[in-house]
Amino acid sequence: NAGVTQTPKFRILKIGQSMTLQCTQDMNHNYMYWYRQDPGMGLKLIYYSVGAGITDKGEVPNGYNVSRSTTEDFPLRLELAAPSQTSVYFCASSYSPLRDTPYGYTFGSGTRLTVV
Amino acid sequence: AQKVTQAQTEISVVEKEDVTLDCVYETRDTTYYLFWYKQPPSGELVFLIRRNSFDEQNEISGRYSWNFQKSTSSFNFTITASQVVDSAVYFCALSEARSGNTGKLIFGQGTTLQVKP
């Protein structure tokens with residue numbers, strides 16, 4: 001059972017380049033999330049999905065896009081990378097908090113992205 | 001609106017000291033979950049505890065203990081007899097569980113704990 005797998009672990013992008021951060025989970029979780037972590041700021045929600053075909057914006061969605069064509073995959077797309085997107089990105093998945101117990105989150109190991 | 005505040009940005013203690021990390025939350029919901037995560041220098045997020053809003057019992061797990069007080073909207077975390085391996089960033093987080101909820105986790109800013117030998 002792999003849990004949540006994120007790739008790549010590290011990446012350096014030049015300003016204006018694009019890339020996709022991959023996230024895959026094998027727990028059949030309906031809910032998936034992308035967070036970014038900046039120093040001293042905690043984790044902030046970028047986008048989330050409550051099921052295949054359903055996505056919505058979180059707190060800091062500008063500059064990102066997502067898709068959820070399958071239950072397992074939730075890729076995060078960066079278009080026209082900017083230095084402000086330098087951060088550590090975490091993908092997470094969870095059960096529904098109302099229907100499933102135990103309720104909790106599984107996080108990927110993170111992607112450290114630097115935009116120069 | 002949901003909010004989690006960890007007022008302590010950094011704490012430094014000497015090994016074997018006890019240390020308490022504070023967490024204050026805001027929510028208008030009556031049903032919610034509170035979490036603590038540890039982020040060691042390696043960077044991954046390690047789940048420590050989940051508490052639902054209907055369970056105010058304090059919990060102890062080895063050297064770790066948690067004090068949940070709804071009256072003050074606090075969910076504090078105490079490490080007894082701290083060790084160097086406890087050095088990490090600790091996050092408190094909140095998730096509401098009402099119908100239609102998206103399960104979003106709201107994180108505090110984190111507290112960096114340094115335990116010196």
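Here, the structure is the one placed above.
Residues numbered from 1 in each chain as written. Chains lettered and ligands numbered in written order. Predicted model: local features only at pLDDT ≥ 70, side-chain atom pairs only at ≥ 80, totals over all residues. Heavy atoms only, no water.

### A closer look at the state of the cysteines
Residues and elements named next belong to chain A.
Then comes step 1: Throughout the structure, instances matching the rule amount to 2 disulfides over all chains.
Then comes step 2: Put simply, cysteine 23 and cysteine 91 are joined by a disulfide, and their sulfur atoms are 1.8 Å apart. Linking cysteine 23 and cysteine 91, the disulfide has an S-S dihedral of approximately -70 degrees and is accordingly described as left-handed. Of this pair, cysteine 23 sits in strand β3 (residues 19-25) while cysteine 91 sits in strand β9 (residues 87-94); the two residues are 68 residues apart in sequence, bridging distant segments of the chain. (Disulfide = S-S within 2.5 Å. Helix = DSSP H or I, 4+ residues; strand = E, 2+ residues; numbered from the N terminus.)

### Structural notes on the interface of chain A and chain B
Then comes step 1: Taken together, the 19 residues of chain A in the interface contact 21 residues of chain B.
Then comes step 2: Of the roughly 1700 Å² buried between chain A and chain B, counting both surfaces, carbon and sulfur atoms make up 61%.
Then comes step 3: At the boundary of chain A and chain B, one finds 0 salt bridges.
Then comes step 4: Our enumeration of links across chain A and chain B arrives at 4 residue pairs in polar contact (both at pLDDT 80 or more).
Then comes step 5: Elements with a contribution of two residues or more to the side of chain A that touches chain B: β4 (31-37), β5 (43-51) and β10 (105-107) of chain A.
Then comes step 6: The class makeup of the residues in the side of chain A that touches chain B is 15 nonpolar, 4 polar and no charged. (Contact = heavy atoms within 4.5 Å. Buried area = accessible area lost by both parts, 1.4 Å probe. Salt bridge = Lys/Arg side-chain N within 4 Å of Asp/Glu carboxyl O. Polar contact = N/O pair within 3.5 Å; in protein donor to acceptor, adjacent residues only side chain to side chain. Nonpolar A, V, L, I, M, F, W, Y, C, P; charged D, E, K, R; others polar.)

### Concerning the nonpolar core
Residue and element names in this part refer to chain B.
Then comes step 1: If you look at the biggest cluster of nonpolar residues, it comprises 24 residues, and the most contacted ones within it are Trp36, Trp66, Phe77, Tyr90 and Leu113.
Then comes step 2: At the level of elements, β2 (10-14), β3 (19-21), β5 (32-39), β6 (46-52), β8 (64-69), β9 (74-79), β10 (88-96) and β12 (111-116) are the ones that each hand at least two residues to this core.
Then comes step 3: A per-element tally of this core places β10 first, with 4 residues. (Core = buried A, V, L, I, M, F, W, Y, C linked by side-chain atoms within 4.5 Å. Buried < 20%, exposed > 50% of the residue type's maximum accessible area, 1.4 Å probe, protein only.)

### A closer look at the sheet that holds strand β7 (residues 64-66) of chain A
Residue and element names in this part refer to chain A.
Then comes step 1: Reading across the sheet, the 4 strands line up as β1-β3-β8-β7 and stay open at both edges, with antiparallel pairing between neighbours. At either margin of the open sheet sits one strand with a lone partner, and together these are β1 (4-7) and β7. Strand-to-strand twist across the sheet, computed as the mean angle between neighbouring axes with direction ignored, equals 20 degrees.
Then comes step 2: Pairing of β1 with β3, which is carried by 4 bridges, proceeds in the antiparallel orientation. Counterpart to threonine 5 in the pairing with β3 is threonine 24. (Pairing = 2+ DSSP bridges. Axes fitted to C-alpha atoms, helices over the stretch in contact; angles between N-to-C directions.)

### Observations regarding the packing of aromatic side chains
Pairs of aromatic rings are described using the distance from one ring centre to the other and the angle between the two planes.
Then comes step 1: Tallied over the entire structure, the rule returns 22 aromatic pairs over all chains.
Then comes step 2: Note on Tyr33(A) and Tyr105(A): the rings are 5.7 Å apart at their centroids and 55 degrees apart in plane angle, and the pair reads as tilted. With Tyr33(A) in strand β4 and Tyr105(A) in strand β10, this pair connects stretches of sequence that are 72 residues apart.
Then comes step 3: Residue classification places Tyr105(A) among the buried positions, given a relative accessible area of 7%.
Then comes step 4: Plain terms: the ring middles of Phe107(A) and Tyr37(B) are 5.3 Å apart, the flat faces sit at 80 degrees to each other, and that makes the pair edge-to-face. A residue pair is termed interchain when its members come from two chains, as with Phe107(A) in strand β10 and Tyr37(B) in strand β5.
Then comes step 5: Exposure remark for Phe107(A): the relative accessible area of 11% places this residue in the buried category.
Then comes step 6: For Tyr37(B), a relative accessible area of 1% corresponds to the buried category. (Phe/Tyr/Trp six-rings, centres within 6.5 Å; stacked < 30°, edge-to-face > 60°.)

### Some points on the pattern of salt bridges
Then comes step 1: Throughout the structure, instances matching the rule amount to 6 salt bridges over all chains.
Then comes step 2: The partner of Asp38(A) in a salt bridge is Arg36(A), with the nearest N and O atoms 3.0 Å apart.
Then comes step 3: With relative accessibility at 21%, the residue Asp38(A) sits in the partly exposed group.
Then comes step 4: A salt bridge links Arg51(B) to Glu59(B); the shortest N-O distance between them is 2.8 Å.
Then comes step 5: On the accessibility criterion, Arg51(B) (6% relative accessible area) is buried.
Then comes step 6: Using a relative accessible area of 30% as the deciding quantity, one classes Glu59(B) as partly exposed.
Then comes step 7: In this structure, a network of salt bridges that share partners links the residues Arg51(B), Asp55(B) and Glu59(B).

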